[in-house]
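# Examining the three-dimensional arrangement
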Amino acid sequence: MSSELQSLVSSAYLAVDLVFNTITEPYLPHLRMLERNGLVDRKVHPTVPPRVEYTLTEPGRALRTAVDAICGWTHQYLGHIESARGRFDA
């Protein structure tokens, strides 16, 4: 998997499960990339302190299905993957 795709998938996990109460600095680049790719919309509210709201777009919601499928596959085959890694690393 390319690093760009891996970063997009990581960001997708964040977008799918993120509770938008407090965004800490490490998440901002992921959110900005998701916004750039059209997966989230960003709305800035003119309040003090500033409040920013992120929502999934239709493509972002559609990506959730793919991410859920990857998570399901991972859970289904995790034992196999761990066994294979153990054999390979031995």
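Remember, it's a predicted structure, so these values are computed and weren't measured experimentally.

## Side note on the overall build of the protein
Counting its secondary structure elements, the protein contains three helices and two strands. The N-to-C order of helical and strand elements in the protein reads α-α-β-β-α. Expressed as a percentage of the 90 residues in the protein, the buried residues total 17%. Sequence-distant contacts in the protein: of pairs separated by 6 or more residues, those separated by 24 or more amount to 25%. Total accessible area computed for the protein in this model is approximately 6800 Å², and 57% of it derives from carbon and sulfur atoms.

## Regarding the confidence of the model for the protein
Across the protein, the average pLDDT comes to 78, with 72% of residues at 70 or higher. Highest mean pLDDT in the protein belongs to helix H3 (residues 58-89) (89); lowest belongs to helix H1 (residues 3-17) (56). Across residues 17-21 the pLDDT falls below 50, and counting only partners more than four positions away or on other chains, this stretch makes four contacts in the model.

## Considerations on the pairing of strand E1 (residues 40-45)
With six bridges connecting them, E1 and strand E2 (residues 51-56) associate as antiparallel partners. Of the residues in E2, the one forming a bridge with Lys43 is Glu53. Between E1 and the antiparallel strand that follows it, E2, lie five residues.

## Observations regarding the packing of aromatic side chains
Per the stated rule, a full pass over the model turns up one aromatic pair. With 5.5 Å between their ring centres and 40 degrees between their planes, Trp73 and Tyr77 make a pair best called tilted. With Trp73 and Tyr77 both in helix H3 and four residues apart, this pair spans about one turn of that helix.

## Notes on the pattern of salt bridges
Applying the stated criterion across every chain yields a total of three salt bridges. Arg32 is the salt-bridge partner of Glu35, the closest N and O atoms lying 3.1 Å from each other. Taken together, the residues span about one helical turn, with Glu35 and Arg32 both in helix H2 (residues 28-36) at a distance of three residues. Of the charged contacts, one joins Asp68 and Arg64 as a salt bridge, the two residues approaching to 3.6 Å between their closest N and O atoms. Residue Asp68 and its partner Arg64 are both found in helix H3; the two are separated by four residues, about one turn of the helix.

## Things to note about the side chain of Thr57
Mapped onto the secondary structure, Thr57 falls in the loop between E2 and H3. Take Thr57: its relative accessible area is 11%, and that puts it in the buried class. In terms of polar contacts, Thr57 uses its side chain to reach the backbone carbonyl oxygen of Gly38, at 2.6 Å. If we ignore the near neighbours within four places in the chain, the residues touching Thr57 are Gly38, Leu39, Val40 and Asp41.

## Points about the environment of Leu63
Mapped onto the elements of the fold, Leu63 is located in helix H3. Residues Leu63 and Leu39, 24 residues apart in the sequence, show an inter-C-alpha distance of 8.3 Å.

Rules and cut-offs
- Residues numbered from 1 in each chain as written.
- Predicted model: local features only at pLDDT ≥ 70, side-chain atom pairs only at ≥ 80, totals over all residues.
- Heavy atoms only, no water.
- Helix = DSSP H or I, 4+ residues; strand = E, 2+ residues; numbered from the N terminus.
- Buried < 20%, exposed > 50% of the residue type's maximum accessible area, 1.4 Å probe, protein only.
- Contact = heavy atoms within 4.5 Å.
- Areas by Shrake-Rupley, 256 points an atom, 1.4 Å probe, with all protein chains shown as cover.
- pLDDT = per-residue confidence, 0-100.
- Pairing = 2+ DSSP bridges.
- Phe/Tyr/Trp six-rings, centres within 6.5 Å; stacked < 30°, edge-to-face > 60°.
- Salt bridge = Lys/Arg side-chain N within 4 Å of Asp/Glu carboxyl O.
- Polar contact = N/O pair within 3.5 Å; in protein donor to acceptor, adjacent residues only side chain to side chain.

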